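# Structural overview
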Amino acid sequence: MHIMEGYLSPQWCIVWWVICIPCLLFGIYRLKNVLNADRETLPLLGVTGGFIFLLSSLKLPTPFGSSSHPTGTGLSAVCFGPWITSVVCAIVLLFQALFLAHGGLSTLGANIVSMGIIGPFVGYTIYRVLRDTPVSISMTIFLVTAIADLSTYVVTSFQLALGAVHPATGNVGSSFILFLGIFAVTQIPIAIIEGIVLALVFKYIIALKPDILTRLKIFSEQKINAARSDA
Amino acid sequence: MRMQKYRLEILTMVTIAAFCMVFLYTSSISRDTVFAGTDSIAASKISESSGTSTKEIQPLIPQWVPPSGEIESTLFALQAAIGGMVIGGVFGYWIGQKKKV
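Anyway, here's the lowdown on the structure attached to this text. Note that the structure is predicted; figures quoted are calculated from it, not measured.

### Things to note about the overall build of chain B
When you go through chain B residue by residue, the secondary structure sums to 4 helices and 1 strand. From first element to last, N terminus to C terminus, chain B shows the α and β order α-α-β-α-α. Relative to its length of 101 residues, chain B is extended, with a C-alpha radius of gyration of 22 Å against a globular reference of 13 Å. Considered along the principal axes of its C-alpha atoms, chain B spans approximately 65 × 35 × 25 Å. The burial tally for chain B puts 25% of its 101 residues in the buried class. Accessible area for chain B stands at about 6,900 Å²; split by element, carbon and sulfur atoms hold 68% of it. Across chain B, the 9 positively charged side chains and the 7 negatively charged ones have centroids separated by 24 Å.

Below, the structure is given as structure tokens:
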């Protein structure tokens, strides 16, 4: 999902940077509040953030002969919301821009918006909708993670369609469809596998540390107990 | 009853196995499938349709590029290791906490 350095026109680089900076500042502010209120959230932040580091470094083959990586943002979006998730993603994406030449400093804003803000935001919305329904926790985590992953790639396609340094096709709509074919369609199997793996990880978090989840009001006690008795 | 308990584990393993089989199938039907990254596929599409070579598209901000695929994979492994270390550390911490009470 990285837009490579030099492939986004300068004005669009600035637009995405301007959008992402206030989100990051708000994320840092939220992060400070959450950690000050309860130090025991730090390990949970470590696990959810650790999966963003881990999964976004794994480039998996797609059935279409290309390769791409999961984003791993689902768990963090559910536990801490999109703003804090954007801060963790910014760190990962900065690492990749500086040391791996995956994405660049000018396109970092755009990449933070797609992977760190809009993807987790879509996931978080799904979580908020499903939280108070009878849908099981595993199913919720699966859907949040898979759709957060996919929507990140849809946003990347949209960003390239809008502001690629040379337009790929005559108009934005057909470029969008072209990039969706490259980024989003190929991402579907990866999103599914990521969703299942993170649902399993969350099962273990519930098994080991149910109290932190109820204290942060991530899921109701009733739902967590249901998940525990199921396991 | 025991199957019920490990339902999610079994589902995960089956999905990963299916994913691997799809990969083996894709790589066997065509020898010139290179599994290039989608980032670079999009980049070459942009340069191809606009008639500019990828070399002509200059970075806006100068960038360090890993000199070889080996160096790049080291740095990717480092990134994964950082994530894995933190995850393992926290799970160990939680298991320890659980045992104490």
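### Describing the environment of A:Lys223
Take A:Lys223: it is sitting in helix α8 (residues 221-230). For A:Lys223, the residues in contact, after removing those within four places along its chain, are A:Leu130, A:Arg131, A:Thr133, A:Val135, A:Ile137 and A:Thr140.

### A word on the interface of chain A and chain B
Facing 71 residues of chain A, the contacting portion of chain B comprises 57 residues. Summing the contributions of chain A and of chain B, the shared interface buries around 5,400 Å²; its carbon and sulfur component is 72%. In this assembly, chain A and chain B are joined by 2 salt bridges. Taking the shortest distance from any N to any O, the salt bridge between B:Glu9 and A:Lys203 comes out at 2.8 Å. If you look at where chain A meets chain B, you find 22 residue pairs in polar contact (both at pLDDT 80 or more). Of all the secondary-structure elements, those providing two or more residues to the side of chain A that touches chain B are α1 (10-37), α2 (41-55), β1 (60-61), β2 (66-68), α3 (74-100), α5 (137-163) and α6 (172-208) of chain A. Per element, the largest residue contribution to the side of chain A that touches chain B is 18 residues, and it comes from α6(A). Considering only residue class, the side of chain A that touches chain B consists of 46 nonpolar, 19 polar and 6 charged.

### Considering the packing of α2(A) against α6(A)
Residues and elements named next belong to chain A. Direction vectors running N to C along α2 and α6 enclose 160°, while the axes themselves pass 12 Å from each other. As far as their axial angle goes, α6 and α2 are roughly antiparallel. Where α2 crosses over α6, the two elements pack in a sense that is right-handed. Between α2 and α6, the residues in contact are Leu 44, Val 47, Phe 51 and Leu 55 and Glu 194, Leu 198, Val 201 and Ile 205, respectively. Class assignment of the residues belonging to the contact of α2 with α6 gives a composition of 7 nonpolar, no polar and 1 charged.

### Points about the pattern of salt bridges
Residue and element names in this part refer to chain A. Taken as a whole and judged by the stated rule, the model has 7 salt bridges over all chains. The partner of Asp 211 in a salt bridge is Arg 215, and the shortest N-O contact between them spans 3.8 Å. Placement of the pair is Asp 211 and Arg 215 together in helix α7 (residues 210-215), with a separation of 4 residues, close to one helical turn. The class for Asp 211 is partly exposed, based on a relative accessible area of 35%. Through salt bridges that share partners, Asp 38, Glu 40, Lys 209, Asp 211 and Arg 215 make up one connected network.

Thresholds, definitions, all that
- Residues numbered from 1 in each chain as written.
- Chains lettered and ligands numbered in written order.
- Predicted model: local features only at pLDDT ≥ 70, side-chain atom pairs only at ≥ 80, totals over all residues.
- Heavy atoms only, no water.
- Helix = DSSP H or I, 4+ residues; strand = E, 2+ residues; numbered from the N terminus.
- Rg over C-alpha atoms; globule rule 2.2 N^0.38 Å.
- Buried < 20%, exposed > 50% of the residue type's maximum accessible area, 1.4 Å probe, protein only.
- Areas by Shrake-Rupley, 256 points an atom, 1.4 Å probe, with all protein chains shown as cover.
- Lys, Arg positive; Asp, Glu negative; His and termini not counted.
- Charge placed at Lys NZ, Arg CZ, Asp CG, Glu CD.
- Contact = heavy atoms within 4.5 Å.
- Buried area = accessible area lost by both parts, 1.4 Å probe.
- Salt bridge = Lys/Arg side-chain N within 4 Å of Asp/Glu carboxyl O.
- Polar contact = N/O pair within 3.5 Å; in protein donor to acceptor, adjacent residues only side chain to side chain.
- Nonpolar A, V, L, I, M, F, W, Y, C, P; charged D, E, K, R; others polar.
- Axes fitted to C-alpha atoms, helices over the stretch in contact; angles between N-to-C directions.
- Parallel < 35°, antiparallel > 145°, perpendicular 65-115°, else oblique.
- Left-handed = near helix turned anticlockwise from the far one by under 90°.

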